[in-house]
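# Structure at a glance
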Amino acid sequence: MTTPFPTATILGYPRIGAHRETKKALEAFWKGSANREDLDSALAQVQKANLTRLQELGLKEDYAIPASFSHYDQVLDAVRLFTAVPSRFASSLGAEGLLSLEGYFDLARGTAEQPALELTKWFDTNYHYLVPELSETTEFRLNTAGLFAQLDIADEAGVKLRPQVVGPLTFLLLAKAADDAAEGFTPISRLADLLEEYESLLAALAERGFAWLQLDEPALVTDAALAASGLDEAGLAELVASTYRRLSAVEKRPALLVTSPYGDLGANLPALAESGIEALHVDAVSAHYGSRLAEIFDGAHESRPALVLGAVNGRNIWRADLAAALKALDGAGQVAAIATSTSLQHVPHTLTGEDHLHEGLRNWLAFADEKVAEVLTLAETLRNGAASISAEVEAATVALAERERARGVHVPEIRDRVAAATAQDAAFERASAQVRQAAQKSLNLPELPTTTIGSFPQTPEIRKQRAAYRAGAISQAEFEEFLRAEIASVIRLQEEIGLDVLVHGEAERNDMVQYFAENFDGFDTTVNGWVQSYGSRCTRPSILWGDVKRSGEGLAGEAFTVPWISYAASLTEKHVKGMLTGPVTILAWSFVRDDIPRADTAYQVALALADEIADLEAAGIRIIQVDEPALRELLPLRAADQAAYLDWSVGSFRLATSQVADSTQIHTHLCYSEFNEIFASIDGLNADVTSIEAARSRLELLADLPSSFDRDLGPGVWDIHSPRVPSVDEISELIAAAREGVRQGHLWINPDCGLKTRGYAETRASLENLVAATELARSAQTTGVGV
Ligand code: MET
Ligand SMILES: [Zn+2]
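Residues numbered from 1 in each chain as written. Chains lettered and ligands numbered in written order. Predicted model: local features only at pLDDT ≥ 70, side-chain atom pairs only at ≥ 80, totals over all residues. Heavy atoms only, no water.

### A look at the overall build of the protein chain
Rule in force here: Put simply, DSSP H or I for four residues or longer makes a helix, DSSP E for two residues or longer makes a strand, and each gets a number counted from the N terminus. This radius of gyration counts C-alpha atoms alone. The globule rule is 2.2 Å times how many residues there are, raised to the power 0.38. Buried, partly exposed and exposed residues are distinguished by accessible area as a fraction of the type maximum, computed with a 1.4 Å probe on protein chains only: under 20%, between the cut-offs, and over 50%, respectively. We call two residues in contact whenever any of their non-hydrogen atoms come within 4.5 Å of each other.
The number of helices and strands found in the protein chain is 26 helices and 22 strands. Relative to its length of 787 residues, the protein chain is compact, with a C-alpha radius of gyration of 27 Å against a globular reference of 28 Å. Dimensions of the protein chain along its principal axes, counting C-alpha atoms only, are 80 × 60 × 50 Å. Counting across all 787 residues of the protein chain, residues that qualify as buried make up 57%. Considering only contacts within the protein chain whose residues lie at least 6 apart along the sequence, 77% involve residues at least 24 apart.

### Digging into the sheet that holds strand β19 (residues 623–627)
Where we set the bar: By this definition, two strands are paired if DSSP reports at least two bridges between them. Convention adopted: a line fitted to C-alpha atoms gives each axis, helices being fitted over their contacting stretch, and angles between N-to-C directions are expressed from 0 to 180 degrees.
The five strands are arranged β17-β19-β20-β21-β22 in an open sheet whose pairing can be described as parallel. Of all strands in the sheet, those with a lone pairing partner are β17 (578–581) and β22 (712–715), marking the two edges. The sheet shows a mean angle of 20° between the axes of neighbouring strands, direction not considered. Where strand β20 (residues 665–670) meets strand β21 (residues 689–692), four bridges bridge the pair, whose relative direction is parallel.

### A look at the site of ligand 1
So the rule is basically this: Proximity is defined per residue: any heavy atom of the residue falling within 4 Å of a molecule or strand makes that residue near it. The term polar contact refers here to a pair of N or O atoms within 3.5 Å; inside protein, the definition further demands a hydrogen-donor-capable atom paired with an acceptor-capable atom, and it admits residues adjacent in sequence only when both atoms are side-chain atoms. Here the accessible surface of atoms and residues is derived via Shrake-Rupley with a 1.4 Å probe, and residues count as covered only by protein chains that are part of the display. Note that Gly is not counted as nonpolar here; it falls among the polar residues with everything else outside the nonpolar set of Ala, Val, Leu, Ile, Met, Phe, Trp, Tyr, Cys and Pro and the charged set of Asp, Glu, Lys and Arg.
I453, S455, E506, D627 and G754 are the nearest of the 14 residues found near ligand 1. Between ligand 1 and the protein, one listed contact pairs an oxygen atom with a side-chain N or O atom of K756 at 3.4 Å. Notes on ligand 1: free accessible area 300 Å², of which the protein chains cover 96%. Taken together, the residues that form the shell around ligand 1 break down as seven nonpolar, four polar and three charged.

### Quick word on the UniProt feature "active site" (unreviewed entry) in the protein chain
Note the threshold: UniProt positions are given in the numbering used here, feature names are shortened, and annotations may be inferred rather than shown by experiment.
Mapped onto this numbering, the UniProt entry gives "active site" (unreviewed entry) at H721. Within the secondary structure, H721 is located in the loop between β22 and α25 (728–741). Its relative accessible area of 36% is what places H721 among the partly exposed residues. Discounting chain neighbours no more than four positions away, the residues touching H721 are E693, R696 and R758.

### A few points about the pattern of salt bridges
Applicable threshold: A pair is scored as a salt bridge if a Lys or Arg side-chain nitrogen falls within 4 Å of a carboxyl oxygen belonging to Asp or Glu.
For the structure on display, the rule yields 41 salt bridges. Among the salt bridges present, the one from R764 reaches E496, with a minimum N-O distance of 2.7 Å. Note that R764 is positioned in helix α26 (residues 760–782) and E496 in helix α18 (residues 476–497), a separation of 268 residues in sequence. Its salt-bridge partner being E768, residue R764 comes within 3.3 Å of it at the nearest N-O pair. Placement of the pair is R764 and E768 together in helix α26, with a separation of four residues, close to one helical turn. Classification of R764 by relative accessible area gives partly exposed; the value is 32%. By sharing partners, the salt bridges in this structure join R403, R415, D547, R593, D594 and D595 into a single network.

### Here we look at the side chain of S536
Looking at where S536 falls in the secondary structure, it is placed in the loop between β13 (531–534) and β14 (537–539). Overall, the relative accessible area of 6% leaves S536 in the buried class. At 2.6 Å, the side chain of S536 forms a polar contact with the side chain of E27. Contacts of S536, omitting those with residues within four sequence positions, involve K23, L26, E27 and W30.

### A short note on the environment of T2
If you trace the backbone, T2 turns up in the segment before α1 (21–31). When the C-alpha atoms of T2 and V742 are compared, they prove to be 65 Å apart, with 740 residues separating the residues in sequence.

### Considerations on the domain arrangement of the protein chain
A common measure of how large an interface is: the accessible area buried when the components associate. Quick note on the threshold: Domain ranges listed in this record stem from an automatic or a database domain assignment. Buried area is understood as the total, over both parts, of accessible area removed when two parts are fitted together, assessed with a 1.4 Å probe.
The domain architecture assigned to the protein chain consists of domain 1 (21–405) and domain 2 (412–781). Each of domain 1 and domain 2 has a C-alpha centre, and the two are 35 Å apart. At the interface, 39 residues of domain 1 touch 30 residues of domain 2. Both sides together, the interface formed by domain 1 and domain 2 hides about 2,800 Å², and carbon and sulfur atoms give 56% of it. Summed over the three residues of domain 1 that lose the most area to domain 2, namely N126, D223 and W318, the buried surface amounts to 18% of that side. For the pair domain 1 and domain 2, the number of links is three salt bridges. Within the residue set of the side of domain 1 that touches domain 2, elements represented by two or more residues are α1 and β1 (119–121). At four residues, α1 tops the list of elements feeding residues into the side of domain 1 that touches domain 2.

### Comments concerning the packing of helix α15 (residues 412–422) against helix α22 (residues 598–618)
Stated formally: Roughly parallel means an angle under 35 degrees; roughly antiparallel, over 145; roughly perpendicular, 65 to 115; everything else is oblique.
Running from N to C, α15 and α22 cross one another at 85°; their axes reach a closest spacing of 10 Å. The angle between the axes of α15 and α22 places the two elements in the roughly perpendicular class. On α22, the residues touching I414, R415, R417, V418, A421 and T422 of α15 are Y603, Q604, L607 and D611. Residues that form the contact of α15 with α22 fall into these classes: five nonpolar, two polar and three charged.

### Observations regarding the sheet that holds strand β12 (residues 520–524)
For sheets, the rule is that strands pair by backbone hydrogen bonds, running either parallel or antiparallel. Within the open sheet, the three strands sit side by side as β12-β15-β18. Their pairing is mixed. One side of each edge strand has no neighbouring strand; the edge strands of this open sheet are β12 and β18 (590–592). The average angle at which neighbouring strand axes cross in this sheet is 40°, direction not considered. Relative to strand β15 (residues 542–550), β12 is paired through four bridges, and the arrangement is antiparallel. Within β15, the residue paired with F520 across the bridge is R550. Taken strand by strand, α22 contacts β12, β15 and β18, and its axis lies near 50° from that of β15.

### Some details on the packing of aromatic side chains
Counted only if it meets this: Ring pairs shown here join Phe, Tyr and Trp side chains whose ring centres sit within 6.5 Å, with only the six-membered ring taken for Trp; geometry is labelled stacked below 30 degrees between planes, edge-to-face above 60, and tilted in between.
In this structure the tally under the stated criterion is 22 aromatic pairs. Arranged with centres 4.7 Å apart and planes meeting at 75°, the rings of W122 and F123 form a pair that is edge-to-face. As far as burial versus exposure is concerned, W122 and F123 are alike and both buried. Through a chain of ring-to-ring contacts, three or more aromatic side chains come together here, namely F29, W30, Y72, Y104 and F105.

### Quick look at the pairing of β22
Alternating positions in β22 separate into two faces, D712 and G714 on one and L713 and P715 on the other, with burial throughout. Where β21 lies against β22, four bridges are found, and the strand directions are parallel. Looking at the pairing, I692 lines up with P715 of β22.

In structure tokens:
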């Protein structure tokens, strides 16, 4: 264990490829248009290109580059590495009882017989991992094939890669009990068994001559780890200490680096520091360790791990304030290495090619490659002192000062408006639910009103026309003409089906957040700024860099959804919903400025939306939906921080929606959420009607609905994530369940989510069944049967 830890490193690098080569290779393989050999060679190329680039950038020390490539997901990699395969996937195991790459894809994507492992959010990021399913009989077995294949590719390229694996505690704390596990089984109860496999892994790596291993333990910065382990803070810290004491006691092993991205280790910090590991990474960006680091790493303790300071933000896209980073470095005690705070998997590859970005913006940014350079710059000071990087510090300081002064970053009128609005309670309040419900009787809605969530199928034709418009092949007028025809046909379809509250179908929107980014000041979009969401799926978040208002003249700017909604409304006697994306979701799915509190940005977005809502109302639209599918996404990992977040997230929704007439009905839509936590949020949002994803769980969530709940609710009765058409009977059953749970007169009938990923055939058939089932339920209600 004499190889020193490199002085500069990253916790992980994007694996989607600079031009999404990984995505393309995987999807071609899954489609059958490429064979395994094609896949392997395409992905080896991506990995080699990444290594070459990182070395060129300067990560040249041995073990500076982690083995962070993955064919799908890092947690699933650990499932394969330890053969932690649930029995329902037994047939995906190969002859030796191990998981091949093909079997690995079975777990990721599901098979004809088995749905995939559950996909869920990775801490408070927009990345999603696959949830391991364990039981008391899961037979762990070490299978190094996948990990070694990656290390071999690096060997060929002459790079000494640092093996990287999800740590044992995080693996078990993120896992869930398999369906066939005994009542009361908890994954963490398998720790001792799993550690045997980690011990074998250490031996196998030592055998191959690896001097370092990175074990990622982000679960140790969350309060969810307490619930998952059933321990209190001290109990968990003791478990952490004993786990790593045990691994450190393995005789022939690589030195251990334990990482703790996304937050504060709390009591687990001293536990890890005293456990015998050789290096400990802390996230010095999202945690404020203050003097706690210096107390442990002050140089007097020989037996302490090397401190790897995560000083460069790995998950935002802003250029580092190097002067501030130097200060943090100064206060941290004896720092052995500089790292990113998290893996760089959360940011795009590079700024190279993003030349169209607004004015100075490019100079304020750092994507993955630029962040590597920042890490190297800071690491330089470990050898040569702070003065050695004074030119770089100066350049960063100048860029930051320019950013602060740049046009649009600080718009006094917008700041004043937010300050004035948020100073009054009235800006967040509406009349009581009862008063509103009385005023909304004039909407003349039937019992059990039917509606959809907003989008209709985004057909290949729509995508083709949008691409033609963007490429300049058709004019704006031609494109708009096309969109109007599309809207007319969506309205006609809904009238034929007999839905009650109609939508315009969102054909003009490429994406529910980017569309707003394009119509607001303060945003910019990238051409190639893709980040992995899960597996081969990538998103291209917009960059929220300045103060926000609607684009166009004046502080209020110009309406942009109104022309489409009004056009749709002009084609029908029925109500057409105005459709907006809420402030929290706009923030959650964008890269957000780091120079002012998120709450302030959320309130700016809220007021821009309030302007659009006022214009929709003025145009005669009486039902307005503000979607907040991401409401819970940014929820802090530590309970102590959650109240402040809920205050501004819920507050910004209310600021956007509270200035309407009592007779205007505000809807919201929530999906991808933890159901048990959701009703308090729904109440807080103070919307009149909430549609919520529920079909897959067969409306289980209604069991948690408080009896005092007196708002309207539309639990989804059609799972739109699959192309299956639900029968009238199936929908009737769900409606019956919904009527048990929701107060009479307050139930809406709708699908789970928007229909943009569906085709028209299944959309029409499913909605017809939904309307038929609703009519059956209505007649049962009037005759008193089944109520
Ligand atoms: C992810 S929530 C989607 C809501 C949006 N209105 C749609 O129908 O697509
Ligand atoms: Zn949704």
